[in-house]
Amino acid sequence: MNKTLLVFKKEYFTRVKNKSFIIMTLLVPVLIMLLMTLPLLMTFFKSGTNKIAILDESGEFAGAFNNSSYLEFSFVKGNLNEWKDKLNQNEIGFDGLLYIPKFDIKYPSGFVVYSDKQIGITIQKTIENTLQNKIETMRFIDAGIDKAKVNELKVSIDLQNIVMQEGGEKKGNVIASIAVSQVMGFFQYFMIFFYGSLIMMAVTEEKKNRIVEIIVSSIPPFQLMLGKIFGIAAVAITQLLIWVVFIMILMTVFSLFMSPMLLESVQDLDAIAGSSSQQITDMLGSIEAFNIPLMLFAFSFFFIFGYLFYSALFAGAGAVTDDNSQNQTITIPLSIPVILSMIIMVNVAEQPHSPLAIWSSLIPFSSPIIMMARLPFGVPFWQLILSMFLLIIGFIINTWAAGKIYRIGILMYGKKINWNDIRKWIFKTP
Amino acid sequence: MNNILELKKLHKEYENVIAVNSIDLDIPRGSIFGLLGPNGAGKTSMIRIITHITMLDSGSITFNFNEKGIKDYMNNIGYLPEERGLYPEMKIGEQLMFFAQMKGLSAKKAKENINHWLQKLDMEDWYNKKAQELSKGMQQLVQFVASIVHDPELLIFDEPFSGLDPINTERLKKEIVELAKRDKTIIFSTHQMSQVEEICDEIALIDKGVIILEGKLKDIKNRFKKDIFEIKYNGQFQSMNIDGLDIELVEDGCALVKNLKYYPNSQLLKMLSDHVEIYSFTEILPSLNEIFIEQVTRAKNMMEAKHE
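Quick summary incoming for the structure in this document. (Residues numbered from 1 in each chain as written. Chains lettered and ligands numbered in written order. Predicted model: local features only at pLDDT ≥ 70, side-chain atom pairs only at ≥ 80, totals over all residues. Heavy atoms only, no water.)

1. Considerations on the sheet that holds strand 1 (residues 3-13) of chain B
All names here are of chain B.
Consideration 1: Strand order in the open sheet formed by 3 strands is 2-1-4, and the pairing between neighbours is antiparallel. At either end of the open sheet lies a strand with only one pairing partner, and these are strand 2 (18-28) and strand 4 (58-63). Between one strand axis and the next, the sheet turns through 10° on average, direction left out of account.
Consideration 2: The pairing of strand 1 with strand 4 spans 5 bridges and is classified as antiparallel. Opposite Leu 5, over in strand 4, you have Phe 63 as the bridge partner. (Pairing = 2+ DSSP bridges. Helix = DSSP H or I, 4+ residues; strand = E, 2+ residues; numbered from the N terminus. Axes fitted to C-alpha atoms, helices over the stretch in contact; angles between N-to-C directions.)

2. Observations concerning the interface of chain A and chain B
When the parts of a complex come together, some accessible area is lost, and that lost area is often used as the size of the interface.
Consideration 1: Counting residues at the interface gives 24 residues for chain A, matched by 26 residues for chain B.
Consideration 2: Between chain A and chain B, the buried area comes to about 2500 Å², and carbon and sulfur atoms account for 62% of it.
Consideration 3: Where chain A touches chain B, the interface holds 3 salt bridges.
Consideration 4: Note that Arg 210 of chain A and Glu 83 of chain B form a salt bridge whose closest N and O atoms lie 2.7 Å from each other.
Consideration 5: The interface formed by chain A and chain B contains 8 residue pairs in polar contact (both at pLDDT 80 or more).
Consideration 6: Taken together, the elements giving at least two residues each to the side of chain A that touches chain B come down to helix 1 (2-16), helix 6 (174-208) and helix 7 (212-216) of chain A. (Contact = heavy atoms within 4.5 Å. Buried area = accessible area lost by both parts, 1.4 Å probe. Salt bridge = Lys/Arg side-chain N within 4 Å of Asp/Glu carboxyl O. Polar contact = N/O pair within 3.5 Å; in protein donor to acceptor, adjacent residues only side chain to side chain.)

3. A short note on the side chain of Lys 221 of chain B
All names here are of chain B.
Consideration 1: One can find Lys 221 in helix 7 (residues 217-223).
Consideration 2: Under the relative-accessibility criterion, Lys 221 is labelled buried at 17%.
Consideration 3: Setting aside chain neighbours within four positions, we find Lys 221 in contact with Glu 197, Leu 285, Pro 286, Ser 287, Leu 288 and Ile 291. (Buried < 20%, exposed > 50% of the residue type's maximum accessible area, 1.4 Å probe, protein only.)

See the structure below:
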């Protein structure tokens, strides 16, 4: 096993010391931050304050429009066509002209915003809401209803789901569960493909550089595979940790500088989306209501072993091929179970205890993703244990098979290898 | 046991080809053993079985290492394959450390041995160079060091000189002979006969997975001698017709004598001395190259005859 450790160290350190690794590791968090903040930054820089002129022929809207940080309204008087011309020639310093005609309160229509550019969704929604509110109020008055009274009588129901379990009741929250599970599943999917191809390249490395014979005459292939798979897993974990830390630092720095602006625009967005912060707090509350230590342990377990399971498969694939173009064709059969798992995962969110969900959370090919997706809904203990056990066995079998394939496939330079050959190598060689 | 390696009925078949056909072979300790044969004869297949890279179909391999108690016999073999390379991005020192430790050396011992060999071959400056910065010949020297750095008892070199310039070939040859003097056993696979004649003690000639000739180099040469002598002399042969001899003049004072009746050497010399004054008397032995071609052709003809 000393030799496994040697391979592990070699794989790990040569990669971590590699320039492209260092650049990637530092660049990705910056890119992610950029992607995350770009939409926000864009609204800051682009919008500034939009000035809207209002030509109100109905005379009903005086005082109805409130200015905000990015919208400034001013009422104008005169002829519509005149104003349109002025707007066209950019004489008046307005970004848009809201025209409110005289309208029939029963069938209100004919409201138009004239602008030289397409107005943003935020402006459109704000104006629509204001118009609707005002006209609603007018209708209430016409019908003799006190609007304040109506608002007072409005009610909002939040349905809570309490999951009955031994050891007490738990507050369940379907939305939170789905969110957590889907995010984890997707993350797993990303990991498998991102680092899986790295494993494949690592396995083909000796073959490409003609070092195979020296290596195979020094170390049994199973140990070699273990060393490589764990070495690259360690690289992945190192990279992820650096990313997480780095992003957290960037976020902190970012929020220090941006928080006043951010807060404002979040409030604006909030108002538009109509989501109440109450819901978000509820969601967070119910995440806390999960059995956190168990969840963390299970997530880490399925994450790591799911990754290892697929790594071993990719290693086997790498052993068969000797250049990267071949690598791509052979990853197709490997990606099918992962993609299927992603599809099943959506179904699991709706029916977490269906037979499909249970079976696919036990089979090692799909369990790393599906079990993660099921976890937030509560999984019977025996299923969890069985699934973990099968995943470990699956990993060992895959690594062993990859070693077998490696030992034979690796010396076959330039020969096309088919599935039948691979089957023979695994089962027919001693 | 005086054989470091004994192969019994070693057999390996690939889909349509018998690569190694039931071969028996003993490799004496401390010898330089030449494994000869044309391309595709089964040399590399045999070596890969010995080095545990491919599995044998049947037969047995026995190692008798001096150092008992080494759990992993892989650690006691040094192998320089014909298909050889290095990690292009790794520094020479790091690679050698990796290879040495993979063969079971401690980091300290590995470092010691690497320094020793790099110094010996004037390669100290290369320690921090990446493999891709070295020429092919230089890389080959590094690979040579990688194969011996763990001080194994059995060394297997597959075409070690291919691609080397004459100076480095000589250096390597010198090292190989020196290793043999230190009681290392060397299996040396090649199809370049001149090198074998220079350094090998014993040879096995393989063709189509079968050994067609095996033994001490000296014995083999004797076995294939054609009883031709070169003589240098003073005087004139009165008659070329001496009973049982076929004399052919090469130039004035030099002739080739074929001993048709297998007279003992002393008698032959006496017979010739009756005619001329002999300065030198040398038996001409066939070159290994001649034997090789003759044997391979003969084996081929026999196969064809069998088919007809």
